[in-house]
Amino acid sequence: MSVSYRRDFLKLCGLAGLGFAAPFRARGVDQPNEPYEGPYYVVFNASGGWDTTYLMDPKGIGGINRLYKEGDILTKGAHKFAPTRKHAQGGMSNEEFFAEFGGELLTFNGLDYSVNNHSPGARYMATGKLDSLAYPTFAALVAACRGSSCPLAFLTFGNYSATGNLVAMSRVPYLPSLKNIALADSIGGNPKAGYHDDFVLDRIEATLGANNEARRTQPRLPRAERGENMLYGAQVNSKALQRVVQYIPKNNPKERLSQQAEIALASFKAGVCVSANLSIGQFDSHANNDKDQMKLIPEFLAGIAYLVRRAADLGIRDLLVVVIQSEMGRTPDYNKGDGKDHWSIGSAMFLGRGIKGNRVLGATDEKQFAVPFDPKTQRIDRLNGDRIRPEHVHEALRELAGIADHPLAKKFPLGVSDERKLRGFWS
Amino acid sequence: MTAVAFLIAFSLFADESAKPRVRCAGVADDSFERDVWAKVGVAKCLTCHRNGGDAEKSAFLLTDPRKTADSARDAVMQGNRAAFAKMAAAKERDQPRMLLKAVGDLDHGGEQVLGKGSPEYRVLADFVRRVNGQSTKTPPAIDPKAPPFFHGVTMLDDRRVLRRATLSLAGRLPTDAEFAAVAKEGRSALPRLLDDLMKEDAFFDRLREGFNDVFLTLGVDGNPDQTCLSYEHFEKTRHWYAKHDLSHIKDKDKRQHEEWKIAREYREALLGEPMKLIEHIVRHDRPFTEIVTADYIMVSPYTARGYGMFDEVKGKFKNPNDPFEYAPVKLKALKGRGKQENQDSATGFYPHAGILSTFQYLTRYPTTETNRNRLRARMFYLHFLGVDVLELAARVSDAAAATAKYKTPTMEAAECVVCHKTLDPVSGLFQDYWRFAEQGVYGKRKGGWFADMFGAGFEGEDLPPKERWRSLQWLGERTARDPRFAVAMTEHVYYILTGRKVLLPPKDFDDSLYAARLRAYSEQRKQTEAIAARFANTGFNLKQVFKDWIVSDFYRVDGLATEATEPCRRAELDDVGIVRLLAPEQLERKVTAIFGEPWGKLQEHTAMLYGGIDSKEVTDRAADPSGAMGAIQRAISNDVACKHTARDFASPGAKRKLFPRIEPEVLPGASPDDDRRIREQISFLHERILGRHDDPGSAEVTRTFDLFAGIVNDAKGRKGIEGRETYHCRPHDKDDPGASADDKRYTIRAWRGVVTYLLRRPEFLYE
């Protein structure tokens, strides 16, 4: 803030009846908030329930897979994966994916989703809490803890997206639509043609600030308090959207996930976003499982690869934390329609900042049941191990993000005792 | 943490204040209902131990009080308590039989339902001890000083309630006559005024919009003339527009455009039918149970052509060329291209059952070979009985093992049977609507309905075979009689009025604020049930529900008289107050009500950015504003103020909507009289735009006055300031006397700044 600007601002504060010590004094008058500089959290959702035996937990026995046999299973470092190159319809095969990313990928197999239905499963995997509608998703929680003042702190493109009233969710269906609103104080988006003279805008902002401050000193209902503060924050912080414009690509990719990735990356790069839920659906392959999964898994992997590669182009790859998940798995056997129904055991994958790759933890047995896992030693323990459920993973994610002890996270406890927490999971 | 984030976080945790506080109430001694029943009975036992449940033949039989008329609830709860007490007193191997059963011992049919040592187990164990005279624990005593729930909460005055309801339901401001009526008669005038308001077309627009947020029938995939009207039954008529005689339009391009327009309007009319049924029922004060029992659908002249019945019904329309005029009609039983596609019907008519049997509803919630109508059954329970069977699904110890252990887990594994025994019979009632994707709606499954599902029926009552042809009517009749129906509809109206769902009972018994949250839920539930009871007792007129909610404390809440800082009191009040961020459609209507025309840009992508829904993939409206929405709010405030300020000043004073009490020549600080006039004008704007009644001498008005005066004074000292209003903000009619927008003293632009400021205030953007 320049000296003259600061002097004018202080004068305005006085005119607007605004105490200098008001918490919003550093913003509100043409000073967009500081860019958020990472880490950036991305949760990929294979919505509908993926077949993990065609990806990171291959079987090839007991009639579980028709497209390959046990002997066809491939490896890359510590990873074992199903061969899909011959069957993939577009997108990226497992061979290509693990070759490129296996070294930085952590896989957990034998995750107990615990339920067999989409809606509770999606909620459980997104929040780590099965029996509450009030909990925020991990992406929302980390956005609230790390950068709730970012105008697009939490982006979502589908899947379960509850926020716990901690942060606003943003849906940006079409990146160029941000262009039209980023310069909201200019007529037709022309920065040289402001609606108001600058001194008028300053007065308006200062008076809104003073009004907000005056409201803060009055008794308010909790809802009103939350709503008014979020509204004020949204308007003030919205100015930072101007930074996105320069990162809006001229040409949009055609693929579903790539489009979502571009919006998230532009927002990350501009420092206006902390986390994003990226999602594609139709994995619910009750009929023709193999055909559907061979179309969708490669599309899904290609979307992940697109995000990571584009992040590298933008110089933010090292700041990404990527969670790759689905709300359930598919049964070990085929139904009469060549499909697979819901299965409550599955896997999740992770890569990015703070995550040591080339590792596979946990396991399923030959019938695709979860093998108990010791959270302390990070080894399977058929006799005394635990069933690892979403709350264990979320507790670990909170620790990875450094928010486990944040007051907002503590408002939403996951109920995992210290001795049952995953230790050394990320490294 | 940045400053605004700090401000928000501060508000979440700040709980210290020297001001007088409103304390939370103690908890009454309702320990059976509050603890045992709420935590264990409803959640764990009732699903099986009830008539029609999996354990209906056991000695431990309970009754669901939610399915009981209000007057009988106490008796039902006493019966449930007696059943619990009897079971709690029974012993097996010297141990309480009830506790053994709960952990899956004694061959409990439901296997393990409580973990030993879990909070629920502890609640049950304590109850058992109390029944057996062993408990030393004293239930929480009634706090004799417990204040009423709304103690310390301020309510809107009648004038502001009228404004809130009128904007919400009719998208306009109240008239002077309406304001005068409440000024004279007080709140007693509201029901009459609301009755009149609920005859306006704008109310029905809002009604349809609100109920679409619930049923989402506008979200049918694809072109509805293909997805809703099947090739099998409507192949000759569904594309009528392609053969419609447009020969009177000689120009080929114009003729083509007209055909596209007709097709577009036809599809829109077709999608609109279910919500038009709701409008018809409410407009004509028919019992709202007709949404599941109506033996007719609503068709327009265009959609009647799609059904192939236009010639039969055209006499029902005032204007047979109006695509959006609707009339009630009965479809004949469907006739297929092949005999096997003909619909069974004892009457010769399609067995309409309100919305339930409409092609749009059935298409919006389609089925598949493996889903077996379970989605439809789930949505039926959610939409018409207010029960989300998947919402709070219980976690089982090993769902995969249960799936693998049984040949038909949904009929054998206790943890699956719990839900499927309820869900699958309703799925069976939809069995003759068995077509997938774009293959139509009506049709029977080859080889008959699934044998590995519980048979068709509802809540323990089997569907008689002779009723199969009208199975959805059979379901609708029972739904209308179910006490949960009235409650569910009351909850839908609450959702339409507030933008959020009613509270669910808290589940986390170890939460230190559990009692406070339970009280909040119970108070709201009590109000919901009271309104639902009145709804049922007055012939299911939905308007009564709107009126009852609007005059209730829950709708009229405005703020707090004194600080509520105690966490438990804040938890009690957490959901109290409307404080609803207006949806894009509502915001456009509010702009129209105040300024005479909509902003017009909250459409498509921008509407979605502003938290709107598409009824397909995005089905929940945003509740909190993101930064993108904040930017849109800035754009709206700038643009609307730009468009209307100079234009309003250009009109004669008496015709002005915004500035009837001031002229641009009046300057701040020029004289006390001028300042008074400016303050009165600001007071007027506060009322018109914000709905606030601020005295011209109030701090609120002073703040706005300072903004206005500050801008005018700042402009005085600046060089290079134009003597006219900005080009884009001038009136566009060049013949208009105010077109030049002379503004040498900068007052028009200062007033524009004031309007911009007011349009960014929460009172404008929230309801």
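Worth saying up front: this structure is predicted, and the values here are computed from it rather than measured. (Residues numbered from 1 in each chain as written. Chains lettered and ligands numbered in written order. Predicted model: local features only at pLDDT ≥ 70, side-chain atom pairs only at ≥ 80, totals over all residues. Heavy atoms only, no water.)

For the rest of this paragraph, the subject is the overall build of chain A. For chain A, the helix and strand inventory stands at 11 helices and 14 strands. Here the C-alpha radius of gyration of chain A, 24 Å, is about what a compact globule of 427 residues would show, namely 22 Å. Referenced to the eigenvectors of the C-alpha coordinate spread, the extents of chain A come out at roughly 80 × 45 × 35 Å. Across the 427 residues that make up chain A, the buried fraction comes to 65%. (Helix = DSSP H or I, 4+ residues; strand = E, 2+ residues; numbered from the N terminus. Rg over C-alpha atoms; globule rule 2.2 N^0.38 Å. Buried < 20%, exposed > 50% of the residue type's maximum accessible area, 1.4 Å probe, protein only.)

Further remarks concern the overall build of chain B. Helix and strand content of chain B: 33 helices and eight strands. Its C-alpha atoms give chain B a radius of gyration of 31 Å, within 12% of the compact-globule value 27 Å for 767 residues. Projected onto its principal axes, the C-alpha positions of chain B cover 95 × 80 × 50 Å. Burial statistics for chain B: of 767 residues in total, 58% are counted as buried. Here the analysis covers contacts within chain B between residues at least 6 apart in sequence; of these, 66% occur between residues at least 24 apart. (Contact = heavy atoms within 4.5 Å.)

Now for the pattern of salt bridges. Residue and element names in this part refer to chain B. Taken as a whole, this structure holds 89 salt bridges over all chains when the rule is applied. The closest approach of N and O atoms between arginine 500 and aspartate 575, which form a salt bridge, is 2.9 Å. On the criterion of sequence distance, the pair formed by arginine 500 in the loop between helix 22 (483-498) and helix 23 (514-537) and aspartate 575 in the loop between helix 26 (567-572) and helix 27 (584-595) is long-range, its members being 75 residues apart. Ionic pairing is found between glutamate 663 and arginine 656, a salt bridge with its closest N-O pair at 3.0 Å. One continuous salt-bridge network, built from bridges that share partners, spans Asp201, Asp205, Arg208, Lys276, Glu279 and Arg283. (Salt bridge = Lys/Arg side-chain N within 4 Å of Asp/Glu carboxyl O.)

Below, the discussion takes up the side chain of B:Thr410. Residue and element names in this part refer to chain B. Relative to the helices and strands, threonine 410 resides in helix 19 (residues 409-412). What makes threonine 410 buried here is its relative accessible area of 16%. Setting aside residues no more than four positions away along its own chain, threonine 410 makes contact with Arg374, Cys416, Val417, His420, Asp424, Asp452 and Phe454.

As a further point, take the state of the cysteines. All names here are of chain B. Using the criterion set out here, one finds one disulfide over all chains in the structure. Between the sulfur of cysteine 642 and that of cysteine 729 lies a disulfide, 2.2 Å long from S to S. Measuring the twist about the S-S bond at about -105°, one finds the cysteine 642-cysteine 729 disulfide to be left-handed. Taken together, the residues span a long stretch of sequence, with cysteine 642 in helix 29 (residues 627-650) and cysteine 729 in the loop between helix 31 (699-716) and helix 32 (747-759) at a distance of 87 residues. Residue classification places cysteine 642 among the buried residues on the basis of a relative accessible area of 4%. Its relative accessible area of 1% is what places cysteine 729 among the buried residues. (Disulfide = S-S within 2.5 Å.)

Turning our attention to the interface of chain B and chain A. Of the residues lining the interface, 90 residues belong to chain B; the matching set on chain A comes to 87 residues. Here chain B meets chain A over a buried area of about 7900 Å², counting both sides, of which 61% is carbon and sulfur. The tally of links between chain B and chain A comes to six salt bridges. Among the ionic pairs, B:Arg570 bridges to A:Glu225, the shortest N-O distance being 3.1 Å. Summed over the shared surface of chain B and chain A, the number is 23 residue pairs in polar contact (both at pLDDT 80 or more). (Buried area = accessible area lost by both parts, 1.4 Å probe. Polar contact = N/O pair within 3.5 Å; in protein donor to acceptor, adjacent residues only side chain to side chain.)

In a regular helix each residue adds 1.5 Å, so 24 residues correspond to 34 Å; helix 23 of chain B covers 34 Å between its end C-alpha atoms and thus fits that length. B:Gly539 lies just past helix 23 of chain B and shows a positive phi near 75°. (Expected span 1.5 Å × (residues − 1).)

Let us now look at the confidence of the model for chain B. Residue and element names in this part refer to chain B. Looking at chain B, the pLDDT average stands at 88 and 92% of residues meet or exceed 70. Under a pLDDT of 50 for its full length, residues 1-20 has, in the predicted model, 42 contacts with residues more than four places off or in other chains. Of the regions scoring below 50 in pLDDT, residues 136-142 engages in 12 contacts with residues more than four places distant in sequence or in other chains. At the level of chain-chain contacts, confidence expressed as ipTM amounts to 0.85, with global pTM at 0.86. (pLDDT = per-residue confidence, 0-100.)

Here we come to the packing of aromatic side chains. Residues and elements named next belong to chain A. In the structure shown here, the tally under the stated rule is 53 aromatic pairs over all chains. Taken together, a centroid distance of 4.7 Å and an interplanar angle of 20° make the contact between tyrosine 40 and phenylalanine 268 stacked. Here tyrosine 40, found in strand 1 (residues 40-46), pairs with phenylalanine 268, found in helix 8 (residues 256-269); they are 228 residues apart in sequence, far enough to count as distant. Its relative accessible area of 4% is what places tyrosine 40 among the buried residues. In this structure phenylalanine 268 comes out as buried when scored by relative accessible area, which is 0%. (Phe/Tyr/Trp six-rings, centres within 6.5 Å; stacked < 30°, edge-to-face > 60°.)

With that out of the way, let us pick up the packing of helix 6 (residues 158-170) of chain B against helix 9 (residues 201-215) of chain B. Residues and elements named next belong to chain B. Direction vectors running N to C along helix 6 and helix 9 enclose 70°, while the axes themselves pass 7 Å from each other. When the axis of helix 6 is compared with that of helix 9, the two are roughly perpendicular. Side by side, helix 6 and helix 9 meet where Ser168, Leu169 and Ala170 of the first sit next to Ala202, Phe203 and Arg206 of the second. Here the contact of helix 6 with helix 9 is composed, by residue class, of four nonpolar, one polar and one charged. (Axes fitted to C-alpha atoms, helices over the stretch in contact; angles between N-to-C directions. Parallel < 35°, antiparallel > 145°, perpendicular 65-115°, else oblique. Nonpolar A, V, L, I, M, F, W, Y, C, P; charged D, E, K, R; others polar.)

Residues and elements named next belong to chain A. Taken together, the eight strands give an open sheet; going across it, the order is 6-5-7-1-8-11-4-12, and neighbouring strands pair in mixed fashion. Whereas interior strands pair on both sides, the edge strands pair on one side only; in this sheet they are strand 6 (169-170) and strand 12 (359-362). Pairing geometry for strand 1 and strand 7 (residues 275-280), over six bridges, is parallel. When the sheet's bridge partners are listed, valine 43 is paired in strand 7 with asparagine 277. (Pairing = 2+ DSSP bridges.)

This part takes up unusual backbone geometry. What is expected of a backbone is that most residues other than glycine have negative phi and most peptide bonds are trans. Note that the residue after A:Gly38, namely A:Pro39, is joined by a cis bond; omega there is 0°. Residue position: A:Pro39 is located in the loop between helix 1 (3-15) and strand 1. Phi angles above zero are rare outside glycine, and B:Leu216 is one such case at about 60°. Mapped onto the elements, B:Leu216 comes out in the loop between helix 9 and helix 10 (224-227). At B:Glu604, a position not held by glycine, the phi torsion is positive, near 45°. The residue B:Glu604 is located in helix 28 (residues 604-609) in this model.

Right, let's talk about the environment of A:Ser347 for a bit. Residue and element names in this part refer to chain A. Residue placement: serine 347 occurs in strand 11 (residues 345-352). Exposure remark for serine 347: the relative accessible area of 0% places this residue in the buried category. Remark: the alpha-carbon pair of serine 347 and leucine 166, spanning 181 residues in sequence, is separated by 28 Å. Setting aside residues up to four positions removed in sequence, serine 347 forms contacts with Trp50, Thr52, Met56, Asp57, Phe108, Asn109, Gly110, Leu111 and Tyr113. Among the polar contacts listed, one links the side chain of serine 347 to the side chain of asparagine 109, at a separation of 2.7 Å.

What follows covers the nonpolar core. One finds A:Phe350, B:Phe288, B:Ile291 and B:Leu542 to be the most contacted residues of the largest nonpolar core, which totals 298 residues. Ranked by residues supplied to this core, first place goes to helix 12 (residues 252-283) of chain B with 11 residues. Excluding its chain neighbours within four sequence positions, the residues that come into contact with B:Ile291 are B:Phe215, B:Ile278, B:Ile281, B:Ala353, B:Gly354, B:Ile355, B:Leu356, B:Phe384, B:Phe485 and B:Met489. (Core = buried A, V, L, I, M, F, W, Y, C linked by side-chain atoms within 4.5 Å.)

Residues and elements named next belong to chain B. With respect to the helices, strands and loops of the structure, phenylalanine 554 is situated in helix 25 (residues 553-556). In this structure, the C-alpha to C-alpha distance between phenylalanine 554 and threonine 498, residues 56 residues apart in sequence, is 9.7 Å. For phenylalanine 554, the residues in contact, after removing those within four places along its chain, are Phe150, Glu523, Gln524, Gln527, Trp549 and Ile578.

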